[in-house]
Amino acid sequence: MVRSIALYAGVFALLCGQAALAQDPGGGASPPGPDDPCPAVYPGDQAGRKSIAQWMARAAALRDVPEALPVMAGLAESGLRNLHQKGNPFAGFFSMHRVLDKAPYKGFRKNPDLQLRWFLDAAVIVRQRKLAEGHEAYGADASSYGIWIADVERPAPKNRSGYQPYLDDAEKLLPDPCRPSSFQPDEKAPGLRVGGTARQRDAITLTARCAREPCLVGARAEPARRVRAAAAVESDGAAVTLTLPARTRRSARLIVTVTAVDESGNATRKRKRITLLR
């Protein structure tokens, strides 16, 4: 088992906000219809691994997360079992720590729906932040799913490679897609507006906002040796400030890339040429 210490999930929940928490986590929904091939409700602790994997995959699809991602994590952390041994601070499918037993995941030890919601909330915000901070291919390829899971679970460094080997097992449990045919994935990139003067001194300061939907916005500059990147911040319609501090005392002509990412992982990038004066 890859032991996780997920003490940061409360921060993730705050960043995701109510929009993420309101989405269907795979539990509490009506039974699946003809266009819904996988369980919409938790099939129970005694269900086979395939049914549990399909339940997880359906919920992931409804969050525009790869269907195999929570299944791989569950296989690595618990053998795809809802573990809750007395005295063990870690519990559930994803080895959630007991400090997470508070809103919005209060009661997760007895509620697999909340466990799955936590994992998907965290997966969404990890992807948003990585993409916004310039990792343009993050999560795009199945060969990198293990790294994505490690960024969610945050195991000891020596265990970060322990998730990727479960991809084949997850795919065997998911021979067919679990996304309902009636569900339309969000493929529309966020609208992004960027402001800032072309000549600045000591540090680069820009404003950015996503007008149509909440997003995370980050910025980086080339050449990177001249200016530090701006950490991703949340924009919920209002303008936010991005600051890129100078690394050197020399003037430089830079190309700054501002990236906005929505919860589905859709990204918009805008570039500005800026002269930094020292």
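Everything below is about the structure shown above.
Residues numbered from 1 in each chain as written. Predicted model: local features only at pLDDT ≥ 70, side-chain atom pairs only at ≥ 80, totals over all residues. Heavy atoms only, no water.

## Some remarks on the layout of surface pockets
Stated precisely, the cut-off is as follows: Put simply, the grid is 1 Å and covers the protein atoms alone, a cavity is a trapped set of points that fit a 1.4 Å probe, a pocket is an open set with protein on both sides within 12 Å along at least five of seven lines, and lining residues have an atom within 4 Å of a point. Grid points are joined across faces, edges and corners, and a volume is the space filled by probe spheres set on the points. Segments assigned H or I by DSSP are reported as helices when at least four residues long, segments assigned E as strands when at least two residues long, and all are numbered from the N terminus. Gly falls in the polar group here, along with every residue not listed as nonpolar (Ala, Val, Leu, Ile, Met, Phe, Trp, Tyr, Cys, Pro) or charged (Asp, Glu, Lys, Arg).
There is about 260 Å³ of room inside the largest pocket. In this structure, the largest pocket is lined by 18 residues; those nearest its centre are Pro66, Gly139, Ala140, Tyr145 and Trp148. Elements with a minimum of two residues in the lining of the largest pocket: helix 4 (112-132) and helix 5 (145-153). Of the residues contributing to the lining of the largest pocket, the split by class is 10 nonpolar, 3 polar and 5 charged.

## Focus: the sheet that holds strand 4 (residues 199-201)
Cut-off, in case you're wondering: Following DSSP output, two strands are said to pair if at least two bridges run between them. Between N-to-C directions, angles cover 0 to 180 degrees, with each direction set by a line fitted to C-alpha atoms, over the stretch in contact for helices. Any pair of residues with heavy atoms lying within 4.5 Å of one another is described as a contacting pair.
What the 5 strands build is an open sheet, ordered 4-10-9-6-7; its pairing is mixed. Two strands lie at the open edges of the sheet, namely strand 4 and strand 7 (230-235), each paired on one side alone. This sheet shows a mean twist of 35 degrees between the axes of neighbouring strands, independent of strand direction. Two strands pair when backbone bridges link them, and strand 6 (residues 215-222) and strand 9 (residues 252-261) are joined in this way by 7 bridges, in the antiparallel orientation. Paired with Arg220 across the two strands is Thr257, which belongs to strand 9. Sheet strands touched by helix 4: strand 6, strand 7 and strand 9. Its angle to strand 6, the strand with the most contacts, is close to 30 degrees.

## A short note on the packing of aromatic side chains
Basically, it comes down to this: Pairs were defined over the aromatic rings of Phe, Tyr and Trp, the Trp ring being its six-membered one, requiring ring centres within 6.5 Å. Orientation was assigned from the angle between planes: stacked under 30 degrees, edge-to-face over 60, tilted for the rest. In this scheme, a residue with accessible area under 20% of its type's maximum is buried, one over 50% is exposed, and one in between is partly exposed, where area comes from a 1.4 Å probe on protein chains only.
One pass over the structure, following the stated rule, counts 8 aromatic pairs. Ring plane angle 15 degrees and centroid distance 4.8 Å describe the contact between Phe94 and Phe119, whose orientation is recorded as stacked. With Phe94 in the loop between strand 1 (90-91) and strand 2 (96-97) and Phe119 in helix 4, this residue pair connects regions lying 25 residues apart in the sequence. Here Phe94 and Phe119 have matching classes, each one buried. Here Trp118 and Phe119 contribute two aromatic rings whose centre-to-centre distance is 6.3 Å and whose plane-to-plane angle is 65 degrees, an arrangement assigned as edge-to-face. The class for Trp118 is buried, based on a relative accessible area of 0%. In this structure Phe119 comes out as buried when scored by relative accessible area, which is 0%. Connected via pairs of aromatic rings, a cluster forms that spans Tyr42, Trp55 and Phe93.

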